[in-house]
Amino acid sequence: YQWPSSWLNYPIHDNDFSSKSVRNTIDRIEDFFSKYYGCYACLMPSGRSSISILLRYLNFDRSKTVFISKRSSYCLYLCIGSYSDISTDFVDPDLILVNHKWGYRSYLHGDYSTKVIIEDSVDTIHLDDSSLFQNNGIAEIISLPKIIGSFSGGLILTRDKNLSDYIQSAQQSNVE
């Protein structure tokens, strides 16, 4: 788990990742998206790190199973496989990762209110909050390089204050 700077040559610009200027920049970005979408927004280094922190928050380990759709990207297998078992067969998973691609929404059919759901919006640009949480997930992940062309970055959007607090407390940990 790492937190890269937004500068390509960060020592020239800021020798201390936990400085007030870096925290202010992160706060401004998160505040913008929080107001725009009407939920909590947490800036992350990448989409994969977003999934990792969500699985840590949920205390997932190899005894838990995460469902992902067949032919999902290899990065999902690597990321999720580090924390739990992966299944592409929908047989009583502990968590469902709903993968929305290229602006097309995926919908779960049936009642999955007893399952934890994460919505991975990959490369979807949400014009407003009406397209968020279509499957009532605990979080929606957006990969910034796929929508704005940045070299890194991800957003976790959530309506859960405890989850947002957990993520923000972890943002500046393990910087070294």
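Criteria and thresholds
- Per-chain numbering applies: the sequence of each chain, read as written, is numbered from 1 onward.
- Only residues with pLDDT of at least 70 are given local features in this predicted model, and only at 80 or more are side-chain atom pairs given and counted; all residues enter the totals for whole chains, interfaces and linings.
- Computation of side-chain values: all heavy atoms of the structure, hydrogens and water removed.
- Secondary structure elements are defined from DSSP: runs of H or I of at least 4 residues count as helices, runs of E of at least 2 residues count as strands, and each element is numbered from the N terminus.
- When checking whether two residues touch, look at their non-hydrogen atoms; a contact exists if any pair is within 4.5 Å.
- Method for areas: the Shrake-Rupley scheme with a 1.4 Å probe, in which residue coverage is limited to the protein chains shown.
- Working definition: a ring pair exists when centres of Phe, Tyr or Trp rings (six-membered ring for Trp) sit within 6.5 Å. Plane angles under 30 degrees give stacked, over 60 give edge-to-face, the rest tilted.
- Three exposure classes are used, based on accessible area relative to the maximum for each residue type with a 1.4 Å probe and protein chains only: buried under 20%, partly exposed in between, and exposed over 50%.
- Two strands pair under a simple rule: DSSP has to find at least two bridges between them.
- The axes are straight lines fitted to the C-alpha atoms, using for helices just the contacting stretch, and the angles between their N-to-C directions are given from 0 to 180°.
- Confidence scores per residue from the predictor, reported as pLDDT, run from 0 to 100.

Q: Quick question: what am I supposed to make of the overall build of the chain here?
A: Broken down by element type, the chain carries six helices and seven strands. Taken from N to C terminus, the helices and strands of the chain fall in the order α-α-β-α-β-α-β-β-β-β-α-β-α. Of all intrachain contacts in the chain linking residues separated by at least 6 positions in sequence, the fraction that spans at least 24 positions is 48%. Carbon together with sulfur atoms contributes 52% to the accessible area of the chain, which is approximately 9800 Å² in total.

Q: Please explain the packing of aromatic side chains as it appears in this structure.
A: The description of two aromatic rings rests on the distance between their centres and on the angle between their planes. Tallying each qualifying case throughout the model produces six aromatic pairs. Look at Phe32 and Tyr36: their rings are 6.0 Å apart centre to centre, the planes differ by 15°, and that puts the pair in the stacked class. You can see Phe32 and its partner Tyr36 sitting in helix α2 (residues 20-37), four residues apart, about one turn around the helix. The partly exposed category is assigned to Tyr36, whose relative accessible area is 42%. Taking the centre distance of 5.0 Å and the plane angle of 85° together, the rings of Tyr36 and Tyr37 count as edge-to-face.

Q: Please clarify how the sheet that holds strand β7 (residues 154-158) should be interpreted in this entry.
A: Strands in a sheet are paired, the pairing made by backbone hydrogen bonds, and the direction either parallel or antiparallel. As summarised here, the arrangement of the seven strands in space is β1-β7-β6-β5-β4-β2-β3, forming an open sheet in which the pairing is mixed. With one partner strand each, in any of the chains shown, β1 (40-44) and β3 (85-87) form the two edges of the open sheet. The average angle at which neighbouring strand axes cross in this sheet is 25°, direction not considered. Examined bridge by bridge, strand β5 (residues 116-120) and strand β6 (residues 139-143) share three bridges and lie parallel to one another.

Q: What exactly am I supposed to notice about the confidence of the model for the chain here?
A: Do not read the predicted coordinates in detail wherever pLDDT is low. Residues with a pLDDT of 70 or more make up 76% of the chain, whose mean pLDDT is 77. Mean pLDDT across the elements of the chain ranges from a minimum in helix α1 (residues 10-13), with 49, to a maximum in β1, with 90.

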